[in-house]
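The lines below spell out each chain.
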Amino acid sequence: MPAAAQEKPRAEVMHWWTSGGESAAIKTFADAYNKAGGVWVDTATAVGENSRAATINRMIGGKPPTAAQFNTGKQFDDLVTQGLIRPIDDLAEKGGWKQVMPASLVAAASRDGEMYALPINIHGQNWIFYSKAALKKAGLSELPKTWEEMVPAMQKMKDAGLTPLALGGQPWQERSLFNAILLQQGGKNLYMEVYQDKNEEAVRSEGFRKAVETYGKLRQMVDPGSPGRSWNDTTALLIKDEAGLQEMGDWVKGEFINAGKKPGVDYGCTIGLDDSMLMVGGDVFVFPKIDDPQQKKAQDLLAETMISKDAQVAFNLAKGSMPIRKDVDTSAFDECAQKGLKLLQSEDSQAPVFEILVSASLAGAVDDVITQFWNNPSASPDDMIEGFVNAFELEG
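Remember, it's a predicted structure, so these values are computed and weren't measured experimentally.

**Brief notes about the sheet that holds strand β12 (residues 278-281)**
Thinking step 1. Spatial strand order, β7-β12-β14: three strands in an open sheet with mixed pairing. Among the strands making up the open sheet, the edge pair consists of β7 (123-124) and β14 (350-352).
Thinking step 2. Bridge analysis of β7 against β12 gives two bridges, and the strand direction is antiparallel. Each bridged residue has a counterpart across the sheet, and for histidine 123 the counterpart in β12 is glycine 281.
Thinking step 3. Packed onto the sheet, helix α9 (residues 171-195) meets β12 and β14 and runs at close to 95° relative to β14.

**A short note on the pairing of strand β3 (residues 67-71)**
Two faces belong to every sheet, and in a regular strand the side chains alternate between them.
Thinking step 1. β3 sits mainly inside the fold: five of its five residues count as buried.
Thinking step 2. The two faces of β3 match: Ala67, Gln69 and Asn71 on one face and Ala68 and Phe70 on the other face are all buried.
Thinking step 3. Pairing of strand β1 (residues 10-15) with β3, which is carried by two bridges, proceeds in the parallel orientation. Along β3, the bridge assignment pairs valine 13 with alanine 67.

**So, the pairing of strand β10 (residues 243-248)**
Thinking step 1. Most of β10 is tucked away: six of the six residues are buried.
Thinking step 2. As paired elements, strand β8 (residues 127-131) and β10 share four bridges and run antiparallel to each other. From the neighbouring strand, isoleucine 128 faces β10, where its bridge partner is glutamate 247.
Thinking step 3. Looking at chain direction, strand β9 (residues 163-165) and β10 are connected through two bridges and run parallel. Paired with leucine 165 across the two strands is leucine 245, which belongs to β10.

**Let's talk about the pattern of salt bridges**
Thinking step 1. Evaluation of the coordinates by the stated rule reveals 18 salt bridges.
Thinking step 2. In this structure, aspartate 77 and arginine 111 form a salt bridge, with 2.7 Å as the shortest nitrogen-oxygen distance. Here aspartate 77, found in helix α4 (residues 77-81), pairs with arginine 111, found in strand β4 (residues 110-111); they are 34 residues apart in sequence, far enough to count as distant.
Thinking step 3. The partner of glutamate 304 in a salt bridge is lysine 94, with the nearest N and O atoms 3.6 Å apart. On the criterion of sequence distance, the pair formed by glutamate 304 in helix α14 (residues 293-306) and lysine 94 in helix α5 (residues 89-95) is long-range, its members being 210 residues apart.
Thinking step 4. The exposure class of lysine 94 is exposed, given its relative accessible area of 69%.

The rules behind each value
- Residues numbered from 1 in each chain as written.
- Predicted model: local features only at pLDDT ≥ 70, side-chain atom pairs only at ≥ 80, totals over all residues.
- Heavy atoms only, no water.
- Pairing = 2+ DSSP bridges.
- Helix = DSSP H or I, 4+ residues; strand = E, 2+ residues; numbered from the N terminus.
- Contact = heavy atoms within 4.5 Å.
- Axes fitted to C-alpha atoms, helices over the stretch in contact; angles between N-to-C directions.
- Buried < 20%, exposed > 50% of the residue type's maximum accessible area, 1.4 Å probe, protein only.
- Salt bridge = Lys/Arg side-chain N within 4 Å of Asp/Glu carboxyl O.

Shape is all these values report; function is a separate question.
See the structure below:
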């Protein structure tokens, strides 16, 4: 390696962005880092769980990367507790980052008031994306505004030879769909009572039961290829106008962008079904504690590059997400993003994603309960309700 290349800050970045749209997005960060004088080394592992496991193993084994991706929330708590992650408050203070980020996401990236992760985007996770051609084929002029009306509308899609609901049968995707239904049908208060308060009465309420019953009705609306399918392969069903709609985070837009599809022309988007409440989450990067001064230099440059205004706009335009900075020009963002940006102006129209509210162990237990209900047609709402209660009791 030439001496000049050796002198440049070399950053190995671990992440799980491997789909077409995601790869295009992470490349904007890589290009920005290289332009800033660094050398980006890409270590991508498909599927978030696999990437996080690889990161944790590397860190515990004493061979950490320069930086690694996690979701906004509690996924990296154990690493902080073990003293394996570098706090970045010094960089945040120097750059004034906390002042330009939503306070709720700064809090989600902090432990005991000190930042341990760098939020790099805002994702809405309760989006409904739909194929305009598929709706037309089913004789629907628009999507219903409620889940009660959605079930018969999906039946019309099914009768028209379409797959009404494009769903990848993986636990996190099945949970995402349920939580979107719970938030809209039950409202923010019930959603927070369930996931923030772990309230047994809330889980046994009529509102929660109604969401479970609605969720159960959707089992008949997916195609036989659903089990085990990735979210992006599922999005392809919408891109090819073979399916009606998909509930998913706004990273789906990266796939539409990559396929040359335009919002309002080829596909439509709603937040929930009525554009009233945004489930807010996103991605962060953590920086392992490293003694090597060159690696610290690489971490500093990487964090400063990712959070810079230009990189924020370029990355989030490609990713389908919204910038974490409130002080950037968002005029180039599409009509879907503008809906999300409008809801971000008020805390009352936002709810935190599941990952921010529950521990990693409880998240796994809840995923198990939801996927067992979804994949067992004979399972009753009572089975899922009792499963939630048991999961919360075990969490203590």
